[in-house]
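Now for the letters of each chain:
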Amino acid sequence: MFQKILVAIDGSEASAKTLDVAAGLAVANEALLIVAHALDEGQMPIRQSSDPLLLSRTDVKRVWKAEGEAVLAEAKAKLDRPGLRMETVLLESDNERADDQIAHAVIANGVDLVVIGSHGRRGFQRLVLGSVAERVLRKVECSVFVVRAND
């Protein structure tokens, strides 16, 4: 049914559950699993030029990229199982949020199913933080499987 499945992970406990669900779907469908981690520069703290103790934007990006690569390496090691075809991709942009990067990766890779986790935020927290899963759902034309985090 599905040929290419993209799973978006952020390294959290909730994304570990999402990764397991996506791997099961990929094996069941004999699909390629694309494990993606997006670096969201919108979440990057702004450095005050007068504060010498804070890292520069370049240094923060370097650390975030290394952490993103570690998240993907851990996912790859965890999913070493028979029958699973998998590749990893680190999504980066100077001006796009994670949801935009994921939506572009879906198009670029011809993905027909996105598996993404939801932290289940409600009320003010959801209003302030938004929902990457919800924004991805609105931006892509393929099916989206949302995995709810345990409360």
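Owing to the predicted nature of the structure, the values given are computational and were not obtained by experimental measurement.

### Let's talk about the overall build of the protein chain
When helices and strands are tallied, the protein chain shows five helices and five strands. For the protein chain, the proportion of its 151 residues judged to be buried stands at 38%. With an accessible surface of roughly 9000 Å², the protein chain has 52% of that area assigned to carbon and sulfur atoms.

### Observations concerning the sheet that holds strand β5 (residues 143-148)
On the basis of which strands lie adjacent, the open sheet formed by five strands has the order β3-β2-β1-β4-β5 and parallel pairing. Looking at strand neighbours, the two that pair on one side only are β3 (85-91) and β5, the edges of this open sheet. Ignoring strand direction, the axes of neighbouring strands in this sheet form an average angle of 20 degrees. Bridging between strand β1 (residues 4-8) and strand β2 (residues 32-38) involves five bridges; their strand directions are parallel. Bridging across to β2, Ile5 finds its partner in Leu33. This element, helix α2 (residues 57-78), spans β2 and β3 of the sheet and lies at about 170 degrees to β3.

### What about the confidence of the model for the protein chain?
Mean pLDDT over the protein chain works out to 85, with 81% of the residues at or above the 70 mark. Note on residues 123-129: pLDDT under 50 across the span, and six contacts to partners over four residues away in sequence or across chains.

### Quick look at the packing of helix α3 (residues 98-109) against helix α5 (residues 132-139)
Orientation of α3 relative to α5, taken along the N-to-C sense of each, is 40 degrees, at an axis distance of 9 Å. Between α3 and α5, the angle is such that the two are oblique. Between α3 and α5 lies a crossing of right-handed hand. Here Asp99, Asp100, Ile102 and Ala103 of α3 come into contact with α5, specifically with Val132, Arg135, Val136 and Lys139.

### Looking at helix α1 (residues 13-29)
An ideal rise of 1.5 Å per residue puts 24 Å on 17 residues; α1 measures up with 25 Å between its terminal C-alpha atoms. Packed against the buried residues of α1 are β1, β2, α2, β4 (113-118) and β5. Looking one or two residues beyond α1, the residue adopting positive phi is Glu30, at roughly 50 degrees.

### With respect to the pairing of β1
For β1, a buried count of four out of five residues is recorded, marking the element as mostly surrounded by other parts of the structure. Running through α1, the crossover from β1 to the neighbouring parallel element β2 is right-handed. Summarising the sheet, β1 and β4 pair through four bridges and their orientation is parallel. Across the sheet, Val7 pairs through a bridge with Val115, a residue of β4.

### Things to note about the pattern of salt bridges
With the rule as written, the count across this model stands at 10 salt bridges. A salt bridge links Asp20 to Lys78; the shortest N-O distance between them is 3.4 Å. Residue Asp20 is found in helix α1, and its partner Lys78 is found in helix α2; the two are separated by 58 residues along the sequence. Among the residues examined, Asp20 registers a relative accessible area of 34% and is labelled partly exposed. Taking the relative accessible area as the measure of exposure, Lys78 reaches 40% and is therefore partly exposed. Residue Asp99 pairs with Arg135 through a salt bridge whose shortest N-O separation is 3.0 Å. In this pair, Asp99 sits in helix α3 while Arg135 sits in helix α5, placing the two residues 36 residues apart along the sequence. A single salt-bridge network, built from bridges that share partners, covers Arg97, Asp99, Asp100, Arg135 and Lys139.

Rules used throughout
- Along each chain, numbering runs from 1 in the same order as the chain's sequence is written.
- Totals for whole chains, interfaces and linings use every residue, but because this is a predicted model, local features are given only for residues with pLDDT of at least 70 and side-chain atom pairs only at 80 or more, for both listing and counting.
- Water and hydrogen atoms were dropped before computing side-chain values, which therefore reflect all heavy atoms in the structure.
- Each helix corresponds to a stretch of at least 4 residues labelled H or I by DSSP, and each strand to a stretch of at least 2 residues labelled E; elements are numbered beginning at the N terminus.
- A simple rule labels every residue: compare its accessible area, found with a 1.4 Å probe on the protein chains alone, to the largest value its type can have, and call it buried under 20%, exposed over 50%, or partly exposed in between.
- Here the accessible surface of atoms and residues is derived via Shrake-Rupley with a 1.4 Å probe, and residues count as covered only by protein chains that are part of the display.
- Think of it this way: DSSP has to see at least two bridges between two strands before they count as a pair.
- Fitted lines through C-alpha atoms serve as axes, helices being fitted only where they are in contact, and the angles separating the N-to-C directions of these axes extend from 0 to 180 degrees.
- Every residue pair with non-hydrogen atoms within 4.5 Å of one another is taken to be in contact.
- A residue's pLDDT is the predictor's confidence in that residue, given on a scale from 0 to 100.
- Every angle not falling under 35 degrees, over 145, or within 65 to 115 is termed oblique; those three ranges are roughly parallel, roughly antiparallel and roughly perpendicular.
- In this scheme, a crossing is called left-handed if the near helix is turned counterclockwise away from the far one by less than a right angle; it is called right-handed if the turn is clockwise.
- Take the number of residues in a helix, subtract one, and multiply by 1.5 Å to get its expected span.
- The crossover handedness rule: strands pointing away from the viewer, path from first strand over the helix to second strand clockwise, crossover right-handed.
- Think of a salt bridge as a Lys or Arg side-chain nitrogen and an Asp or Glu carboxyl oxygen that are within 4 Å of each other.

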